[in-house]
Amino acid sequence: MDFDSNVKQAVYQHFANAGTAPASDQLAAQLACSTDDVRAAFARLQQNRVLLLALDRETIRMAPPFSGIPTPHRVEVGRKTYFANCAWDALGIPAALHREALVHSSCGQSGAPLRLQVGLEGPEPSRWLFHCQVPAARWWVDLVFT
Amino acid sequence: MLFFRSEDLVRAWCRARGIEPRPLVTIAQLWELAVAWYATRLTPEARRPGPAEMRQIFARVGLNEPFWDPQADVFG
């Protein structure tokens, strides 16, 4: 694997194991490189729409489906808690981990709580709906808004 | 990208923001999308679907509106 792929793998493994984003100096130590090397890889991975960085260009805001910051979409897998970037990613986390999960979110209009059990074959039957305001062609124009 | 408890609540949410309701997606459809997007995300060979693959995935799930076309400019 090339360096950027190694960084991407390390980022995703960290999210999967810890539920949080890795810091650049952690990855640098793990990959035996400098933090500048990791920051440069982060920038390239953002350019390739693999990661979304915070304004400091160093903190990972999103490694879809994982969120680097707490959100209203919380996913419990075993004893671990993950945060998803959006409703889609809330189901994306159990899909990525291939684990059963309990998704906690809420209705965008009424605020009613959603508690959705997700098994290995998919979520329990539910009449809830998913709605996306931004057309697919514009998702990456402003991913946080999307 | 939000969850809603009913179609009426989606319409109320859109009305409050002055936007047209977009195509609705069921939880079962959303799961299929989540699997298509993310089931291999933790593997070294993982990659985001390209435009043609995205169209195929959406069509397979039954989402055929231009809204889901990654290269369409039909929706403002």
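Attention here is on the structure that accompanies the text. (Residues numbered from 1 in each chain as written. Chains lettered and ligands numbered in written order. Predicted model: local features only at pLDDT ≥ 70, side-chain atom pairs only at ≥ 80, totals over all residues. Heavy atoms only, no water.)

1. A closer look at the overall build of chain A
Item 1. Scanning chain A from N- to C-terminus turns up four helices and nine strands.
Item 2. Going residue by residue from the N terminus, the α and β elements of chain A occur as α-α-α-β-β-β-β-β-α-β-β-β-β.
Item 3. The C-alpha radius of gyration computed for chain A amounts to 16 Å, which stays within 12% of the reference 15 Å derived for 146 residues, consistent with globular compactness.
Item 4. Taken along the three principal axes of its C-alpha coordinates, chain A extends 50 × 35 × 25 Å.
Item 5. Residues counted as buried form 50% of the 146 residues belonging to chain A.
Item 6. Total accessible area on chain A is roughly 7,000 Å²; 48% of this is exposed by carbon and sulfur atoms.
Item 7. Taking the average place of the 13 positive charges on the side chains of chain A and the average place of its 13 negative ones, the gap between the two points comes to 6 Å. (Helix = DSSP H or I, 4+ residues; strand = E, 2+ residues; numbered from the N terminus. Rg over C-alpha atoms; globule rule 2.2 N^0.38 Å. Buried < 20%, exposed > 50% of the residue type's maximum accessible area, 1.4 Å probe, protein only. Areas by Shrake-Rupley, 256 points an atom, 1.4 Å probe, with all protein chains shown as cover. Lys, Arg positive; Asp, Glu negative; His and termini not counted. Charge placed at Lys NZ, Arg CZ, Asp CG, Glu CD.)

2. Description of unusual backbone geometry
All names here are of chain A.
Item 1. Look at the link from Pro64 to Pro65: it is a cis peptide, with omega at 10°.
Item 2. Of note, Pro65 is situated in the loop between strand E2 (60-63) and strand E3 (66-67).
Item 3. One non-glycine residue, Ala32, lies in the positive phi region at around 55°.
Item 4. With respect to the element layout, Ala32 can be found in the loop between helix H2 (24-31) and helix H3 (35-47).
Item 5. Here His98, not a glycine, exhibits a phi torsion of approximately 55°, which is positive.
Item 6. Secondary-structure assignment places His98 in the loop between helix H4 (87-97) and strand E6 (101-106).

3. Quick look at the environment of Pro70 of chain A
All names here are of chain A.
Item 1. Mapped onto the elements, Pro70 comes out in the loop between E3 and strand E4 (74-77).
Item 2. Given a relative accessible area of 65%, Pro70 falls into the exposed group.
Item 3. Sequence spacing of Pro70 and Asn6 is 64 residues, and the spatial spacing of their C-alpha atoms is 26 Å.

4. Topic: the packing of aromatic side chains
Item 1. In total, this model carries 10 aromatic pairs over all chains according to the counting rule given.
Item 2. With a centroid separation of 4.9 Å and an interplanar angle of 70°, the aromatic rings of Trp88 of chain A and Trp37 of chain B are classed as edge-to-face. Placement of Trp88 of chain A in helix H4 and of Trp37 of chain B in helix H2 (residues 27-38) is noted, with the two residues assigned to different chains. By the burial criterion, Trp88 of chain A is buried, and Trp37 of chain B matches it.
Item 3. Ring plane angle 85° and centroid distance 6.4 Å describe the contact between Trp88 of chain A and Phe58 of chain B, whose orientation is recorded as edge-to-face. Pair noted here: Trp88 of chain A is in helix H4 and Phe58 of chain B is in helix H3 (residues 51-61), and the two residues belong to different chains. The residues Trp88 of chain A and Phe58 of chain B share a single accessibility class, namely buried.
Item 4. Members of the aromatic cluster, each reached through a chain of ring pairs, are Trp88 and Phe130 of chain A together with Trp37, Phe58, Phe67 and Trp68 of chain B. (Phe/Tyr/Trp six-rings, centres within 6.5 Å; stacked < 30°, edge-to-face > 60°.)

5. What to know about the side chain of Arg41 of chain B
Item 1. Mapped onto the elements of the fold, Arg41 of chain B is located in the loop between H2 and H3.
Item 2. Buried charge without a partner: Arg41 of chain B forms no salt bridge, and the closest opposite charge is Asp89 of chain A, 7.5 Å away.
Item 3. Polar contacts involving the side chain of Arg41 of chain B include one to the main-chain carbonyl oxygen of Pro64 of chain A, which spans 3.3 Å.
Item 4. Polar contacts involving the side chain of Arg41 of chain B include one to the main-chain carbonyl oxygen of Trp37 of chain B, which spans 3.2 Å.
Item 5. Contacts of Arg41 of chain B, omitting those with residues within four sequence positions, involve Tyr12, Pro64 and Pro65 of chain A together with Ala46 and Arg48 of chain B. (Salt bridge = Lys/Arg side-chain N within 4 Å of Asp/Glu carboxyl O. Polar contact = N/O pair within 3.5 Å; in protein donor to acceptor, adjacent residues only side chain to side chain. Contact = heavy atoms within 4.5 Å.)

6. Comments concerning the pairing of strand E5 (residues 80-83) of chain A
Residue and element names in this part refer to chain A.
Item 1. Pairing of E4 with E5, which is carried by four bridges, proceeds in the antiparallel orientation. By the bridge assignment, Val77 is partnered in E5 with Lys80.
Item 2. What sits between the antiparallel neighbours E4 and E5 is a turn of two residues, in which Gly78 has the positive phi angle 60°. (Pairing = 2+ DSSP bridges.)

7. Quick notes on the sheet that holds strand E1 (residues 52-53) of chain A
In a beta sheet, neighbouring strands pair by backbone hydrogen bonds and run either parallel or antiparallel.
Residues and elements named next belong to chain A.
Item 1. One open sheet holds the three strands; their spatial order is E1-E2-E3, and the pairing between them is antiparallel. A strand with exactly one partner marks an edge of an open sheet, and here the two such strands are E1 and E3.
Item 2. As defined by bridge partners, E1 adjoins E2 across two bridges and the pair is classed as antiparallel. Bridged to Leu52 within E2 is Met62.
Item 3. Strands in contact with helix H1 (residues 3-18) are E2 and E3; relative to E2, the strand with the most contacts, it is inclined by about 90°. (Axes fitted to C-alpha atoms, helices over the stretch in contact; angles between N-to-C directions.)

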